[in-house]
Amino acid sequence: MTTKVCFKQWRVVASTTPRSLLFITAFLFLLLIGTRVANRTTFAGNTVGSFEIDGNLTVDHLVPPSEPIDWDSSPFPAALTTFTDGTGPTDDIFGQGSKENDQSSWVCTTGSAPPKDDVVNEISVNGASPVAGEIAFRFFPVSGAQKQFLYANWSRLSNNGDAHIDYEFNQADPSTNHVPGCPQLPLRTPGDFLISFDTQNGGAIIGVSAFTWNGTTFVPLSVGSKGILWDAAVNTTPSITGLTATGINLFGELALNVTDTIGEIPCNKILFVAMKTRASTSLSAELKDRTKIKPVNFTIFNPAGANASGNASAAQIQDSLLGINQTLPAATPATCTQGVCSSQSGIGSTSNSNQVLNVAVPPPSGSVLKASVLTASSTSTVDPTTNTATDTGVAESAGVNLVGGLVTADVVRGVATAQASAFNSSFSSAGSAFKNLVVNGAQVNNVNPNTTIDLPAAQFGTGSFVKLLEEIGSSSQPPSGQLSGATYAADLTVNMIRVHITSLALTGDAIDVVVSHAQAHADFPQPAGCPSLVGTVSGNATIVNEQTNPSQLPVVVGFVSIPPQGGHDHQDLDQLSTSLVSGGTSVSDSAGTVLSSSSNSSSYAKAQNVCVLPVNGSCTAFASAIISQANSSSGGGKSSSDAQGTNLLGLSVGGMSVSDNPPPNTTILLPGIGSVTFNEQTCDGGGAPPCAGTTSSGIRVRAIHVIVNNPNALGVPQGADVIVGEAHADSSHP
């Protein structure tokens with residue numbers, strides 16, 4: 001908005017008007033003008049990007065509280081960077097002959113800059129320590145469209161000449177540009193830009209110009225007319241609030257529409273910025289003073305608007321016949337209705353925990369639930385350093401016995417983690433685990449997410465079941481094209497054991513028990529001007545995928561996977577046992593992230609002492625240790641996926657040794673059975689590695705793949721397909 005004061009021209013129509021009336025008229029005219037001018041000082045000056053350009057730091061508009069803003073607006077709604085600089089013989093300055101457009105002429109030294117060109121720490125905003133200058137960026141709507149604006153100011157030692165200030169923005173890190181005698185020399189690359197603030201005639205004429213570096217020189221950019229795409233001012237009164245120095249033309253400020261002049265700075269882009277002064281308006285004029293270069297991220301994060309919350313309970317028991325409805329441990333804090341809770345809104349962290357020992361429900365028999373230890377904790381954190389909101393709930397139960405031995409376990413641990421950042425949201429159940437789990441008399445070593453075991457209807461009632469590692473998760477992000485006002489959010493609920501009995505034999509009792517429940521939520525506001533991330537990832541890993549009958553579902557062991565916007569999933573197994581595969585300790589893991597400039601994912605499956613198709617005490621295929629690993633990365637116009645980290649050791653087929661780490665897709669025939677392939681690698685879409693593309697790629701790695709395509713003496717069904725140690729990862733990013 002531009003505030004203008006208009007003056008109407010008055011004139012005397014009748015020359016016969018008495019002189020006294022003329023004097024009165026003139027007096028009233030001057031009084032009116034004086035009144036109008038005096039009133040003007042209580043309003044804001046011109047505005048560009050809803051920033052007051054009036055040569056001071058204070059908010060002068062009469063309509064509180066938010067717009068337009070000025071430097072001492074609190075809170076300041078723009079990404080702010082401050083520059084400090086000293087004065088006197090130890091000041092960082094340029095030596096004689098240093099020209100803005102010719103870095104080969106630069107001489108970096110220390111000494112006293114000419115007073116009119118000496119930027120010094122004179123600006124103090126909202127009680128902060130004085131600085132020499134500031135720059136700020138934010139998005140603000142103009143005619144319904146979000147535009148990016150730059151605001152900048154400066155303060156100098158003396159007004160005994162015109163001011164010529166440069167703000168240079170470089171894409172490359174200057175610390176990599178080692179120039180003797182001139183440390184942190186800006187490393188210029190095409191697309192860098194420069195904003196210049198120049199005054200003439202003691203501040204009567206003010207200009208703001210912009211330039212872009214083409215690889216050789218700075219080329220002017222069109223910034224349009226003053227008051228439309230840019231505006232600038234210097235202080236016209238000797239003393240202004242927030243400025244230590246006294247005198248006019250010692251402070252200057254500007255506002256510039258970046259979107260329509262330079263072009264928007266990409267979201268979360270790091271630039272390296274410095275202030276410099278010149279002797280005159282020309283870019284070939286001698287450079288005088290300089291500040292140190294600072295890395296700057298112009299994205300505005302809002303951790304104050306983030307939230308994290310969750311709850312956890314080691315056991316939830318409902319028994320209709322006994323009238324039990326109980327959650328253990330007890331509510332912590334007392335206001336929590338779901339066991340142990342935590343909640344954090346804005347910056348900070350909250351954590352609660354509780355436990356109960358030697359539980360028997362109902363007492364004294366514990367016919368529904370017995371446990372030696374029930375513990376639960378919940379932690380909610382909003383971190384301004386990483387700009388993330390995270391909640392983690394943990395529920396652990398030891399010595400568990402449910403419904404008279406229907407389900408037993410040494411340890412049941414449930415973990416739910418939800419995380420949201422300014423650019424992404426994800427959830428994870430990594431850390432969840434069972435130890436020595438037995439369900440209805442059967443040892444259960446393989447627990448994939450949402451495994452359901454149906455219970456006999458005659459004993460437990462129709463529709464009764466035990467559900468293991470129940471996971472209910474979701475993540476959300478702003479709709480495509482939305483630039484502000486939305487939220488990244490993630491939610492996850494983990495129930496390690498859920499027993500549902502509709503009608504227990506003899507009593508007809510209906511029972512519901514949940515052991516090791518954890519729930520987590522996190523949300524973080526979308527930064528203004530940052531569209532939702534367009535990249536995706538996927539990843540999964542499996543210890544065993546065993547298909548013995550094509551008409552039935554395969555047996556899958558140790559399966560983990562991540563959602564398209566990234567996350568982490570993990571499983572640990574003490575031992576491995578299916579009808580066709582046995583082994584020792586095994587681990588499966590998948591993780592991925594989507595960033596503003598790239599997408600990355602990685603998955604792996606590990607196992608020890610793997611025996612495939614055992615017969616008469618020997619193994620058709622054996623490995624003492626396998627690691628299948630798949631990695632994928634996309635961004636910057638290229639994508640690649642590889643199997644780095646994959647290792648196969650101690651291999652043998654039919655008792656005959658096979659070299660460690662065989663080449664990809666090494667296939668060995670199994671007479672009378674079929675074939676075994678070690679280190680099988682295939683690219684998404686077909687073909688063998690290397691796997692590459694412009695915007696997406698993916699790879700699948702299998703340590704051992706046995707195909708049974710012949711009738712055989714082992715009794716293995718023809719058509720059986722056994723995969724041990726599979727990892728997949730892919731990524732996409734435009």
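Above this text you will find the structure in question.
Basis of the calculations
- Residues numbered from 1 in each chain as written.
- Predicted model: local features only at pLDDT ≥ 70, side-chain atom pairs only at ≥ 80, totals over all residues.
- Heavy atoms only, no water.
- Disulfide = S-S within 2.5 Å.
- Helix = DSSP H or I, 4+ residues; strand = E, 2+ residues; numbered from the N terminus.
- Buried < 20%, exposed > 50% of the residue type's maximum accessible area, 1.4 Å probe, protein only.
- Core = buried A, V, L, I, M, F, W, Y, C linked by side-chain atoms within 4.5 Å.
- Contact = heavy atoms within 4.5 Å.

Draft legend 1. Seen up close, the state of the cysteines. For the structure on display, the rule yields five disulfides. Residue cysteine 108 pairs covalently with cysteine 182 via a disulfide, S to S 1.6 Å. Pair noted here: cysteine 108 is in strand β5 (residues 108-110) and cysteine 182 is in the loop between β8 (164-170) and β9 (193-200), with a separation of 74 residues, a long-range link. The same class applies to cysteine 108 and to cysteine 182, which are both buried. Here cysteine 267 connects covalently by a disulfide to cysteine 530, the sulfurs 1.8 Å from one another. Between cysteine 267 and cysteine 530, the disulfide has an S-S torsion of 90° and is therefore right-handed. Here cysteine 267 is found in the loop between β13 (251-257) and β14 (270-278), whereas its partner cysteine 530 is found in the loop between β31 (511-525) and β32 (536-547), with 263 residues between them in sequence. Residue classification places cysteine 530 among the buried positions, given a relative accessible area of 2%. Taken in sequence order, the bonded cysteines of the chain link in the pattern 1-2, 3-6, 4-5, 7-8, 9-10.

Draft legend 2. Representation of the nonpolar core in the model. Membership of the largest hydrophobic core comes to 57 residues, with the highest contact counts inside it found for Leu402, Leu437, Ile497 and Val499. When sequence neighbours within four positions are dropped, the list of residues in contact with isoleucine 497 reads Leu402, Val407, Val412, Phe434, Leu437, Val466, Lys467, Leu468, Val513, Val514 and Val515. Formed by 33 residues, the second largest nonpolar core is a distinct cluster that contains Ala541, Val581, Leu613 and Ala703.

Draft legend 3. Layout of unusual backbone geometry. Here the residue pair glutamate 67 and proline 68 is connected by a cis peptide bond, since its omega of -5° sits within 30 degrees of zero. Along the chain, valine 361 connects to proline 362 via a cis peptide bond; the corresponding omega equals -10°. Along the chain, proline 362 falls in the loop between β20 (348-361) and β21 (369-383). Positive phi outside glycine occurs at asparagine 126, with the angle close to 50°. At leucine 613, a residue that is not glycine, the phi angle is positive and equals roughly 55°. Mapping leucine 613 onto the fold places it in strand β39 (residues 599-615). Residue leucine 613 is classed as buried on the basis of its relative accessible area of 2%.

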